[in-house]
Amino acid sequence: MKKVVLLAVFALATAVTYAGGYRVSLQGQKALAMGHTGVAVVNSAESVFFNPAGLVYLENKLSISAGVSGVFSTVAYQNEALGTYAETDNPVSTPLYFYASYQATDWLALGLGVYTPYGSTVEYEDDWAGSHLVNNIDLQAIFIQPSVSLKVNDKFSVGGGPIYVTGSVNFNRNLTRSLTDLEGNRSEVTIDASGVTNWGWTAGFMFNPTDNLRIGANYRSEIILEAEEGDADFQNVPNSPLTPFVDTQFDASLPMPAELTVGLSYEFCEKWTFAFDYNRAFWDVYESLSIDFANPQVPDSENLRNYKNSSSYRFGLQYDVTEMFTLRAGYYFDETPVRDGYFAPETPRNDSSGYTAGLTVNVGKHFQIDASFLYLHFKEVDASYDYHFDQGVRAPFSGTYKSSAFVPGLGVSYKL
Amino acid sequence: MKNTINICLGLLAIGFVSCEPEFENPVNEEGFYDSGSANFSNFVAVGNSLTAGFADNALYITGQQNSYPNILAGQFEFAGGGDFTQPLMNDNLGGLLLNGTQIADNRLVLSVGADGERAPVLLEGNPTTEITNGPTGPFNNMGIPGAKSFHLVAPGYGNAGGILSGTANPYYARIATSSNATVIADAASQSPSFFALWIGNNDILSYATSGGVGVDQTGNVDPTTYGPNDITDPNVFASVYSQEVDALAAGASGGVLINIPDVTSIPYFTTVPAQAIPLDAATAGAVNTQFAQYNNQVLPTLVGAGIITQEEADARMVNFSAGQNFPILTDDDLTDVTQILIAQGLPPETAALLGQLRQANNNDLIVLTASSVLGTQADPNNPLSIIGVAVPLQDQFVLTGVEQSRVSTASAAYNATIQGIASANDLAFVDARAALRQVAQGGVAYNGGVLTSAFATGGAFSLDGVHPTPRGYAYTANVMIDAINAQYNATIPKVEIGNYATITLANN
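Fair warning: this is a prediction, and the values are worked out from it, not measured in the lab.

### Quick notes on the interface of chain A and chain B
Next up, step 1: The partner chain B presents 51 residues to the 51 residues of chain A that form the contact.
Next up, step 2: For the pairing of chain A and chain B, the buried interface totals around 4100 Å² over both sides, and the portion due to carbon and sulfur atoms is 63%.
Next up, step 3: The interface formed by chain A and chain B includes 1 salt bridge.
Next up, step 4: Between Arg177 of chain A and Glu496 of chain B there is a salt bridge, and its shortest N-O distance comes to 3.9 Å.
Next up, step 5: Of all elements in the fold, only α1 (2-15), β2 (72-79), β3 (84-87), β17 (325-334), β18 (352-363), β19 (367-378), β22 (393-394) and β23 (397-415) of chain A reach the threshold of two or more residues within the side of chain A that touches chain B.
Next up, step 6: Residue contributions to the side of chain A that touches chain B peak at 6 residues, all from β23 of chain A.
Next up, step 7: Across the side of chain A that touches chain B, the residue classes break down as 26 nonpolar, 14 polar and 11 charged.

### Describing the sheet that holds strand β8 (residues 194-198) of chain B
All names here are of chain B.
Next up, step 1: As summarised here, the arrangement of the 5 strands in space is β7-β1-β8-β9-β16, forming an open sheet in which the pairing is parallel. What marks the edges here is a single partner per strand, and that holds for β7 (141-143) and β16 (428-430). Within this sheet the neighbouring strands show an average axis-to-axis angle of 15°, counted without direction.
Next up, step 2: Note that strand β1 (residues 43-47) and β7 share 3 bridges and pair parallel.

### What about the pattern of salt bridges?
Note that side chains of opposite charge can pair when their charged atoms are close.
Next up, step 1: Applying the stated rule across the entire model yields 14 salt bridges over all chains.
Next up, step 2: With a shortest N-O distance of 3.5 Å, Asp106 of chain A and Lys151 of chain A are connected by a salt bridge. A residue pair is termed long-range when its members are at least 10 positions apart, and Asp106 of chain A in the loop between β4 (96-105) and β5 (108-123) and Lys151 of chain A in strand β6 (residues 136-153) qualify at 45 residues.
Next up, step 3: In this structure, Glu312 of chain B engages Arg316 of chain B in a salt bridge whose closest nitrogen and oxygen atoms are separated by 3.1 Å. Remark: Arg316 of chain B and Glu312 of chain B occur in helix α11 (residues 310-316); sequence separation between them is 4 residues, near one turn of the helix. Pair check on accessibility: Glu312 of chain B and Arg316 of chain B agree, each one buried.
Next up, step 4: Each of Arg23, Arg220 and Glu259 of chain A takes part in one network of salt bridges that share partners.

### Details of the domain arrangement of chain B
Residue and element names in this part refer to chain B.
Next up, step 1: Segmenting chain B into domains produces domain 1 (43-270 + 402-506) and domain 2 (277-361 + 365-399).
Next up, step 2: A separation of 37 Å is found between the C-alpha centroids of domain 1 and domain 2.
Next up, step 3: Each partner contributes to the interface: domain 1 provides 20 residues, whereas domain 2 provides 11 residues.
Next up, step 4: Taken over both partners, the interface formed by domain 1 and domain 2 buries close to 1200 Å², and the fraction arising from carbon and sulfur atoms is 60%.
Next up, step 5: In terms of surface lost to domain 2, no three residues of domain 1 exceed Tyr268, Phe269 and Glu403, which account for 42% of the buried area on that side.
Next up, step 6: The closest approach of N and O atoms between Arg406 and Asp333, which form a salt bridge, is 2.7 Å.
Next up, step 7: Taken together, the connections running from domain 1 to domain 2 amount to 4 residue pairs in polar contact (both at pLDDT 80 or more).
Next up, step 8: Counting residues per element, the ones that place at least two in the side of domain 1 that touches domain 2 are α7 (201-209), α9 (267-270) and α14 (401-424).
Next up, step 9: Top contributing element to the side of domain 1 that touches domain 2 by residue count: α14, with 4 residues.
Next up, step 10: The residue inventory of the side of domain 1 that touches domain 2, partitioned by class, reads 10 nonpolar, 7 polar and 3 charged.

The rules behind the values
- Residues numbered from 1 in each chain as written.
- Chains lettered and ligands numbered in written order.
- Predicted model: local features only at pLDDT ≥ 70, side-chain atom pairs only at ≥ 80, totals over all residues.
- Heavy atoms only, no water.
- Contact = heavy atoms within 4.5 Å.
- Buried area = accessible area lost by both parts, 1.4 Å probe.
- Salt bridge = Lys/Arg side-chain N within 4 Å of Asp/Glu carboxyl O.
- Helix = DSSP H or I, 4+ residues; strand = E, 2+ residues; numbered from the N terminus.
- Nonpolar A, V, L, I, M, F, W, Y, C, P; charged D, E, K, R; others polar.
- Pairing = 2+ DSSP bridges.
- Axes fitted to C-alpha atoms, helices over the stretch in contact; angles between N-to-C directions.
- Buried < 20%, exposed > 50% of the residue type's maximum accessible area, 1.4 Å probe, protein only.
- Domains from an automatic or database assignment.
- Polar contact = N/O pair within 3.5 Å; in protein donor to acceptor, adjacent residues only side chain to side chain.

In structure tokens form, the structure reads like this:
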């Protein structure tokens, strides 16, 4: 049985490889180590994120999980015809999570989650070949989610809660491919907005048809971060009425798409658990990155994205080695939401494969250390962004991209 | 358990090994691009303003950074190219100082007036480039703005003491290794492994841009007797050009020779239309009355006396009409009848005005600088002294059909020499004349636009109407790369010309 499952996992791994936009799937070390599955898994407070319906099945009165990952990511770009080459120098980003679950009664659990499912930190060298599209971008969003979990009976539960999001974005690009000031410095704009907030919600159910099998579903609503009156800072702009770029405010909106996850987990041979999640992200809400400058003299910036809905397929395996150790491994493929011709270097995400592994060490009765590791591999891809316009004329930006991310993570869990 | 551990270890190994993304064929790895049979390790470019990176009527740092040799050298780096040094100016203003006194204007920038009108203006500021305190070479870029073919081999062309008298060039004086050095010797002493030579433009261009006020020296093989706006004798050109190629090619693996473009391709000659004078019917009639005696009595009399031919008389007729009109001009290729008219009793002023007078025609090219003169009053107190209507446009503002044919005859001879020497020495040959004609006739498409020679807006030419913009130089560099790749079996990549700037916008 175990060999069959492993074969199935890795056969799929080689067949298709697939990620999406600025979604960062690092919401729990235990789940991440199992391919970021969890919609039908009950083993820690991480369920606040993956499926709050499962919280009520946790065995402990109080469960707390917290952790951090270190994302070491690099994007490489080249264009053979022009000899251009660029590699991002992304700072290490450290997405965090904190989850707590409290078993109020036999049929009611309360939870709280703080996590960061969206983010993007991409930093190219200033004035690189695609600097008219992006020099650097730093997008952050913190989700705060109180939850309730209700046990309808031993086989069925529901859960959910509101989500409060606070986010920020900082984005810098050159104004055009060639505009400079008198000293030859490229004209650029930085837009910055922080403290942007909005509300959303999540809901799910869990169904346990047998002792070994769980089935789960969870939906997280779309949340659109509407940046209003952010600061737009123009630099190195020639002193001319023909280049009317003066510092102003801007409005822009950035969608965090809705996602639906369904999946199952199956315990077998006493010590093994297999989990599968299918995730659908409704990226079609992201039609364009439109920046509306307050000063009417400053032309608005319209950057078509035209994302499509995308799926990811996640597989995880857990093995309880001893009372002290639990090992996990997993794999997922993540389909890109980016259509052909819309491959913008600020989120250079093509289809990706995530290879995951990890373990939990029980230190005493109440305390666990969770470690995980993710290697995200993107196939080398020839891609272009065809919707940049230079004085009204289409000027595609194309090349070959290859990116990878190496993500070690560490967490702790506490049970009472 | 064992399986799981193996899987974990395997996954970890994959992660650590391929942490950094690597392309299957990385362009920045040695061997991706090939220099073919050429060796680009020490590239030296020799020439005039076009090699120096001159633009907007000045030499300044950002222009030099976008000079065609600097762009080429950047691409040569993909296949063994070494450092490329240039005698950078001190600033981005472009003016020159000689012993503290300014002797060259600052650059031109495109300025927008209060009424929205756009015009090139001199960028304000105090230039800081002092000729007598120049940088020390050697420099890979030996482009000397203003140099003619024979200047490159002329000792003393870099002697600062000869600048004001016109025997020396301030740009060369700034960097010459000694006051008696020659440009070509200074360049050749660097033992270039690869070279570019683009010279000869000024041998016709200064004649053309000055509206043909100089002399066609064809037949005179002593360049020391030439004036600054003369056309160089083609034999002189052939002789010095061949010496120059020999000096540069001595130890080189190869080189590229570039020919002379057609002056009628550049906006300096194509921007101001020949029919530049708008008149209403009443004014046209009044002016025609003024010239009635000239047309109907003076010219037939001169023909009758055998002084001019009927053909010349026809060419000299002045006739305005309602709408756009050709201006009247002084053409020094016409018979000068001033003294004859004085002898006939005409007042000397009128006689001088009519001495070599004719109306322009479609064969004439009005130069860019005439736009600030045409239609203005020669005498501020006399509203009847409109230049082009009542007062002839001076010779320097018009390149007549006859003058153009002198230019094209000489440049055809130079170009034959250049192409012959290139093929005799197995050097890459760039037909800049054809490349520029393509820009002028319909334009050249690139990713994101079309490069044309329209003044200020076409993208190819800077605000002086003669020299390219950075984008124009980038296009030139690409044309050269094509020729070099073909000649030497190399695979040097080209540049994206849309990434290079055009004219500079600035209000003082």
